[in-house]
Amino acid sequence: MGGALLENWKSGDETFTIVDPALSQAPDGTGLFRDRSQLDGKTFDVIVVAIKPQMIDAILPDYLEAFTDTGYILSIAAGCSISRLKRASGGRPVVRVMPNLPAAIGAGVSGLCASEDASDDQIAHATAMMKRAGSVVTVGNEDQLDRVTAVAGSGPGYAFELARSYVEAAVGLGFSEAEAVDMVLGTLAGSIAMARSSDLSLEELRNSVTSKNGTTAAGLDALNGEGTLSELLRNTTKAAYERAVELR
């Protein structure tokens with residue numbers, strides 16, 4: 001995810017330096033170092049934490065001298081709390097973000113939560129960076145960030161599974177898989193684009209395509225006539241939220 005976000009971030013005015021012993025070649029427009037010791041006194045306004053959470057306590061303290069006086073942490077490490085990041089960084093301000101997978105193509109939804117000592121400028125800068133990868137939902141505490149994770153962070157998985165099941169159903173009606181994928185993804189993409197451009201609510205849009213006793217009404221009754229789909233989605237997001245809380 002860090003590499004994918006970097007491709008979007010590079011559209012701004014910042015200069016990026018990467019420290020990664022496993023990376024063989026620096027992405028265009030960036031500097032690459034194999035080890036922290038090679039930075040040779042360089043300092044940074046932002047240190048992006050894009051490593052596995054279990055590595056943070058061992059690695060982040062080595063970068064204390066690499067912050068400028070107004071430097072802050074921008075973390076995309078899932079499940080790593082602000083308090084833990086502050087302990088590992090000597091109390092630096094922290095902005096935690098939870099991007100979802102479509103951020104890799106600039107179409108993501110990212111949750112953002114800042115520590116109380118993060119300045120308005122630091123929050124604005126982090127927000128601007130994440131907006132290059134899509135939209136941003138700013139929340140006031142980490143519990144709310146876990147709720148964003150349950151809806152948007154894990155959401156692409158739900159969307160892909162719904163689309164997969166929809167394609168499977170279309171194949172069951174006699175279409176080839178390629179035909180089914182084309183129809184399903186085109187239908188979903190067109191419907192989402194229409195919803196984004198319309199002033200109507202989602203319920204109103206649904207009703208506009210649903211004739212009484214028609215084919216859509218029959219399909220919707222089978223899909224959610226007893227509230228089954230609504231209940232499944234409530235259970236889905238609740239389970240994801242509860243797991244996010246466990247991982248704090």
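Residues numbered from 1 in each chain as written. Predicted model: local features only at pLDDT ≥ 70, side-chain atom pairs only at ≥ 80, totals over all residues. Heavy atoms only, no water.

A word on the nonpolar core. Most often, soluble globular proteins keep nonpolar side chains buried together rather than apart. With 23 residues, the main nonpolar core has I47, V49, I56, L60, I73 and L85 as its most contacted residues. For this core, the secondary-structure elements that each account for two or more residues are β3 (44–49), β4 (67–75), α3 (82–88), β5 (94–98) and α5 (142–153). In this structure, L85 is in contact with V49, I56, L60, I73, S75, C80, V94 and R96, ignoring residues within four places of it in sequence. (Core = buried A, V, L, I, M, F, W, Y, C linked by side-chain atoms within 4.5 Å. Buried < 20%, exposed > 50% of the residue type's maximum accessible area, 1.4 Å probe, protein only. Helix = DSSP H or I, 4+ residues; strand = E, 2+ residues; numbered from the N terminus. Contact = heavy atoms within 4.5 Å.)

Let's shift gears to the pattern of salt bridges. A side chain with one charge can pair with a side chain of the opposite charge if their charged atoms come near. A complete count under the given rule lists 11 salt bridges for this structure. Residue K10 pairs with E7 through a salt bridge whose shortest N-O separation is 3.4 Å. Classification of K10 as partly exposed rests on a relative accessible area of 25%. Between D143 and R147 there is a salt bridge, with the nearest N and O atoms lying 2.9 Å from each other. Here R147 and D143 lie together in helix α5, a separation of 4 residues that amounts to about one turn. On the basis of relative accessible area, D143 is assigned to the partly exposed category, the value being 25%. You can call R147 partly exposed: its relative accessible area is 43%. (Salt bridge = Lys/Arg side-chain N within 4 Å of Asp/Glu carboxyl O.)

This part takes up the packing of aromatic side chains. Taken as a whole and judged by the stated rule, the model has 1 aromatic pair. Summarising the aromatic geometry, the rings of W9 and F16 are spaced 6.3 Å apart at their centres and angled 10° between planes, so their arrangement reads as stacked. Seen from the ring of Y63, R36 lies directly overhead, with NZ or CZ sitting 5.5 Å from the centre. Just above the ring of Y241 sits the side chain of R147; from NZ or CZ to the centre is 4.3 Å. (Phe/Tyr/Trp six-rings, centres within 6.5 Å; stacked < 30°, edge-to-face > 60°. Lys NZ or Arg CZ within 6 Å of the ring centre and 35° of its normal.)

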